[in-house]
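Fold and geometry: a report
The lines below spell out each chain.
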Amino acid sequence: LPLAIDEPAYIRLGDCLSPVSTSVGDALSETSLSSHRERSAVEDPWSHSQDPAGSRRVQEALDEASEETRIAMLQEFHSRAVKAMKDPHANHVLQKCISIMAPSSLQFMVDELLERDGLA
């Protein structure tokens, strides 16, 4: 059914609905949608890292983030490092972290590997 001019429309952005104006010239811009995706990749990097596009967004967010934000993003991978290593997309996020972050912030990955039977 077509929307009335003043009737609100919604677009799904991640887990939330965002209102979109149906007025001509007042549509949701690609820039704001892109901005939402970037924020989402920073706030929930684990979920986003498990698909191709999300993994690339998380890697880009890591490149652009402050060290403090990078550490916060990496916290999402604690207790999931081995699973991420085996994931076809999340492993690229870990590789990015290894290439740009201080070794001390990556120790949890080694620890998780050593906790596995047959690796110690």
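Structure report, in brief. Predicted, not measured: the structure shown is a model, and the values here were computed from it. (Residues numbered from 1 in each chain as written. Predicted model: local features only at pLDDT ≥ 70, side-chain atom pairs only at ≥ 80, totals over all residues. Heavy atoms only, no water.)

Some remarks on the overall build of the protein
Counting its secondary structure elements, the protein contains seven helices and two strands. Secondary structure elements in the protein, listed N-terminal to C-terminal, are β-β-α-α-α-α-α-α-α. For the protein, buried positions account for 32% of its 120 residues. In the protein, the proportion of contacts linking residues at least 24 apart, taken out of those at least 6 apart, comes to 51%. Surface accessibility of the protein: about 7900 Å² in total, with carbon and sulfur atoms responsible for 52%. (Helix = DSSP H or I, 4+ residues; strand = E, 2+ residues; numbered from the N terminus. Buried < 20%, exposed > 50% of the residue type's maximum accessible area, 1.4 Å probe, protein only. Contact = heavy atoms within 4.5 Å. Areas by Shrake-Rupley, 256 points an atom, 1.4 Å probe, with all protein chains shown as cover.)

Some thoughts on the packing of aromatic side chains
Going through the model one piece at a time under the given rule, you end up with one aromatic pair. Between Trp46 and Phe77 the ring centres are 5.5 Å apart and the planes differ by 85°, which places this aromatic pair in the edge-to-face class. Within this pair, whereas Trp46 is found in helix α2 (residues 45-48), its partner Phe77 is found in the loop between α4 (67-75) and α5 (81-86), the two being separated by 31 residues in sequence. For the pair shown, Trp46 and Phe77 are each scored as buried. (Phe/Tyr/Trp six-rings, centres within 6.5 Å; stacked < 30°, edge-to-face > 60°.)

What about the packing of helix α3 (residues 52-64) against helix α6 (residues 90-100)?
One way to put it is that α3 packs onto α6 with a least axis distance of 9 Å and a crossing angle of 15°. Compared by their axis directions, α3 and α6 come out roughly parallel. Helix-helix and strand crossings are classified by hand; for α3 and α6 the assignment is right-handed. The residues of α6 that touch α3, namely those facing Ser55, Val58, Gln59, Leu62 and Asp63, are His92, Val93, Lys96, Cys97 and Ile100. Considering only residue class, the contact of α3 with α6 consists of five nonpolar, three polar and two charged. (Axes fitted to C-alpha atoms, helices over the stretch in contact; angles between N-to-C directions. Parallel < 35°, antiparallel > 145°, perpendicular 65-115°, else oblique. Left-handed = near helix turned anticlockwise from the far one by under 90°. Nonpolar A, V, L, I, M, F, W, Y, C, P; charged D, E, K, R; others polar.)

A word on unusual backbone geometry
A positive phi angle, close to 70°, is found at Ser79, a residue other than glycine. With respect to the helices and strands, Ser79 occurs in the loop between α4 and α5.

Topic: the environment of Ser47
Checked against the element boundaries, Ser47 lands in helix α2. Residue Ser47 is classed as partly exposed on the basis of its relative accessible area, which comes to 39%. With 11 residues separating them along the chain, Ser47 and Val58 place their C-alpha atoms 9.8 Å apart.

A short note on the nonpolar core
Membership of the largest hydrophobic core comes to 18 residues, with the highest contact counts inside it found for Leu74, Phe77, Cys97 and Met109. Where this core is concerned, the elements lending two or more residues are α3, α4, α5, α6 and α7 (107-114). Per element, the largest residue contribution to this core is four residues, and it comes from α6. If near-sequence neighbours (up to four positions away) are discounted, Met109 is found in contact with Leu74, Ala81, Met85, Leu94 and Ile98. (Core = buried A, V, L, I, M, F, W, Y, C linked by side-chain atoms within 4.5 Å.)

Geometry only, nothing functional implied.
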